[in-house]
Amino acid sequence: MSGPALVRTETSRAPWTQIPDALRRLWRACLPEQKGDVARALTINLVGVAEADDGDTLREAIDKLQRRTPCRAFLLLLGGDDDAREAELMATSRCHGDLRDIVLESILLRVPLAAIDQMPGLVRPLLVNDLPTHLFWAAPWPASPSGLDGLARLCDHVVVDSRRFRSAPSELQRLVDRRTRGERLSDLSWLRLRPWRRAMAECFERFPWQRQPARATVVHGKDATAAAVLFAEWLEQRLAAHVTLDGGGGEGSVPDAVRLETGPVSLDLRITKQQIVSHVTTAEHCFLPFSVPLSKGSDGDLLAAAIDML
């Protein structure tokens, strides 16, 4: 049986100064043509930030999110025209007979880089009261963090996607520093590593672990640099392993392979046909390989998972 139908309004436009009036018109646009009622089913405010060229990626993430976590979403696309200070508004409703529940109110702003510091003042009065507010920073780490900091102060929780970082090792350390200061911060790259952590844990179920020197190599491509650094740090913390990064991998967003040796035990894990295939060899046994499926979740699914974990 199919679920409730989703109805999307036409996109409307309004100057930044007239967004409150445009939101009221958006509400009226959601009213059923026949008699009936409309209500907001929103559970969070979301502020999403991406570079203008990644606008489609951000829209797709928000579209996925609305099915799990109805929200009022502000989509800030960095690098817009200095003169085109116009918002694009759209709403999606879930229909139950004559009843409609608004599950997404989307306000898209093309923001010139020089105007990013103005965004907290623009967004703050438009947030739905008494709902948690999340910031999704789906852009490279900014050269000047003032725009990020201003938006983060509006929010209860910040989600980043370190896959987009240009200098992953140093910029991941900035995330650690912020968490140390008490900021509530999640990273989609860490969530993408859940199958890898599970596969490694299952390897260690096949032999008695004795703490001894361990050496590992993590093979990754450019887009998986942040994930590889995070996984290497995890291995160092859990096993006191000496880990080497090999950047000669493919184009995925997670490592391609991990090889680890500790005493007489060797582990070889690598991606084959969307599975992590793991081989465990000890002095006494060569175990049959086993596999763990890679995550099939989109960025929107991962974003929803990060919000659910708060």
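One can find the structure itself at the top, above this paragraph.
These notes cover the structure that comes with them. It should be emphasised that the depicted structure is a prediction, and the values quoted were computed from it without experimental measurement.

On to the overall build of the chain. From N to C terminus, the chain includes nine helices and 16 strands. Based on the C-alpha atoms only, the size of the chain along its principal axes is roughly 75 × 50 × 30 Å. When each of the 310 residues of the chain is scored for burial, the buried share is 49%. Across the chain, contacts joining residues at least 24 apart in sequence account for 74% of those joining residues at least 6 apart.

Time to look at the sheet that holds strand β16 (residues 290-293). One open sheet holds the six strands; their spatial order is β12-β11-β13-β14-β15-β16, and the pairing between them is mixed. Two strands close off the open sheet at either side, each with one partner strand: β12 (242-246) and β16. Neighbour-to-neighbour, the strand axes of this sheet turn through a mean angle of 15°, independent of strand direction. Examined bridge by bridge, strand β14 (residues 265-272) and strand β15 (residues 275-281) share seven bridges and lie antiparallel to one another. Residue pairing across strands places L269 opposite S278, the latter belonging to β15. Strand contacts of helix α8 (residues 225-239): β11 (214-219), β12 and β13 (257-262), with the helix running at about 165° to β12, the strand carrying the most contacts.

Next up on the list: the pairing of β15. Residues I276, S278 and V280 of β15 are buried on one face, while the alternating residues Q275, V277, H279 and T281, pointing to the opposite face, are not. Across four bridges, β15 lies against β16 in antiparallel orientation. Bridge pairing in β16 links I276 to V292.

Between its first and last C-alpha, helix α5 (residues 168-180) extends 18 Å over 13 residues, near the 18 Å set by a 1.5 Å rise per residue. Of the residues one or two after α5, G182 is the one with positive phi, at around 100°.

Evaluated as defined, the whole model comprises five aromatic pairs. Seen in terms of ring centroids, F204 and F207 are 5.1 Å apart; in terms of plane orientation they differ by 45°. Their pairing is tilted. Ring centres of F204 and W209 lie 5.4 Å apart, and the angle between their planes is 80°; on these two criteria the pair is classed as edge-to-face. With a relative accessible area of 16%, F204 lands in the buried category. Taken together, W196, F231 and W234 form an aromatic cluster joined through their ring pairs. Seen from the ring of W190, R197 lies directly overhead, with NZ or CZ sitting 4.0 Å from the centre. In this arrangement the basic side chain of R206 is found over the ring face of F290, its NZ or CZ atom lying 4.1 Å from the centre.

Within strand β7 (residues 99-111), ten of the 13 residues are buried, which leaves it mostly tucked inside the rest of the structure. In the sheet, strand β3 (residues 37-40) pairs with β7 via four bridges, with the strands oriented parallel. Looking at β7, one finds that A39 is bridged to D101. Between the end of strand β6 (residues 86-96) and the start of β7, which pair antiparallel, lie two residues, with G97 showing a positive phi angle near 60°.

We now examine unusual backbone geometry. Located in the positive-phi region is D130, a residue other than glycine, with phi close to 65°. Mapped onto the fold, D130 is located in the loop between α3 (119-123) and β8 (133-137). When its relative accessible area of 79% is taken as the criterion, D130 is described as exposed. Unlike most non-glycine residues, Q274 shows phi in positive territory, near 65°.

Glancing now at the nonpolar core. One finds L109, L151, L235 and L267 to be the most contacted residues of the largest nonpolar core, which totals 77 residues. Per-element tally for this core: the top contributor is α8, with ten residues. When near neighbours in sequence (up to four residues on either side) are disregarded, L109 contacts W16, I19, L75, L76, L77, A87, M119 and L122. Grouped together as the second largest cluster of nonpolar side chains are 25 residues, I44, L75, V159 and A304 included.

Reading the values: rules and limits
Residues numbered from 1 in each chain as written. Predicted model: local features only at pLDDT ≥ 70, side-chain atom pairs only at ≥ 80, totals over all residues. Heavy atoms only, no water. Helix = DSSP H or I, 4+ residues; strand = E, 2+ residues; numbered from the N terminus. Buried < 20%, exposed > 50% of the residue type's maximum accessible area, 1.4 Å probe, protein only. Contact = heavy atoms within 4.5 Å. Pairing = 2+ DSSP bridges. Axes fitted to C-alpha atoms, helices over the stretch in contact; angles between N-to-C directions. Expected span 1.5 Å × (residues − 1). Phe/Tyr/Trp six-rings, centres within 6.5 Å; stacked < 30°, edge-to-face > 60°. Lys NZ or Arg CZ within 6 Å of the ring centre and 35° of its normal. Core = buried A, V, L, I, M, F, W, Y, C linked by side-chain atoms within 4.5 Å.

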